[in-house]
Amino acid sequence: MKLAEALQERADLDRRVQQLQQRLENNAMVQEGESPAEDPAELLAELDGCVGALEQIVARINLTNCRTAVEGKSLTQLLARRDVLKLKLSAYRDLAYNASQLGRRATRTEIKLFSAVNVKDLQKQVDTLARELRLLDNSIQAANWATELD
């Protein structure tokens, strides 16, 4: 199985666990004399099976990510870099957006606001970060489809 397929399976198991949690919640309480639409014991058994499978696939994915090198770095390192790039890019985009809002005044006596940063330079940084993130994500995706799961 390719790493990318295992990642898809993990996502499916995550969704399944969330659905089972919701179904358990929906069937946790019933009115006196009524029975739940689904047996909570059966749902718990199914949840336990999904959680066990999820634990196994996550462990295998993590091991594979640690052992797989792309351009001299492990996939784990690349994933960490991607995560922090996403955080940084989001913060820079928000700053650029907020700094580019022109202050509007109804009268001359109102306070006029100016940008505290150079929006043009900041937008160039945003574009550079976005490009770096896109290229990194492409490398990760290529490795995911080329790597066999450990």
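Residues numbered from 1 in each chain as written. Predicted model: local features only at pLDDT ≥ 70, side-chain atom pairs only at ≥ 80, totals over all residues. Heavy atoms only, no water.

A. Geometry of the environment of Q123. Positionally, Q123 belongs in helix 4 (residues 119–146). Q123 sits in the partly exposed class, given a relative accessible area of 35%. The spacing of Q123 and L47 is 76 residues in sequence and 46 Å in space, taken between C-alpha atoms. (Helix = DSSP H or I, 4+ residues; strand = E, 2+ residues; numbered from the N terminus. Buried < 20%, exposed > 50% of the residue type's maximum accessible area, 1.4 Å probe, protein only.)

B. Layout of the side chain of N144. Tracing the chain through its elements places N144 in helix 4. You can call N144 buried: its relative accessible area is 5%.

C. Representation of unusual backbone geometry within the structure. Backbone geometry at E71 places phi at a positive 50°, although glycine is not the residue there. Within the secondary structure, E71 sits in the loop between strand 1 (69–70) and strand 2 (73–74). Residue E71 is classed as exposed on the basis of its relative accessible area, which comes to 75%.

D. Just the nonpolar core, in detail. Formed by 27 residues in total, the largest nonpolar core has its most connected members in I57, I61, L75, L78, L89 and L149. Of all elements in the fold, only helix 1 (3–26), helix 2 (40–67), helix 3 (75–99) and helix 4 reach the threshold of two or more residues within this core. The element best represented in this core is helix 4, accounting for eight residues. Setting aside anything within four residues of it in sequence, one finds I57 in contact with M1, A6, E9, R10, L13 and L149. (Core = buried A, V, L, I, M, F, W, Y, C linked by side-chain atoms within 4.5 Å. Contact = heavy atoms within 4.5 Å.)

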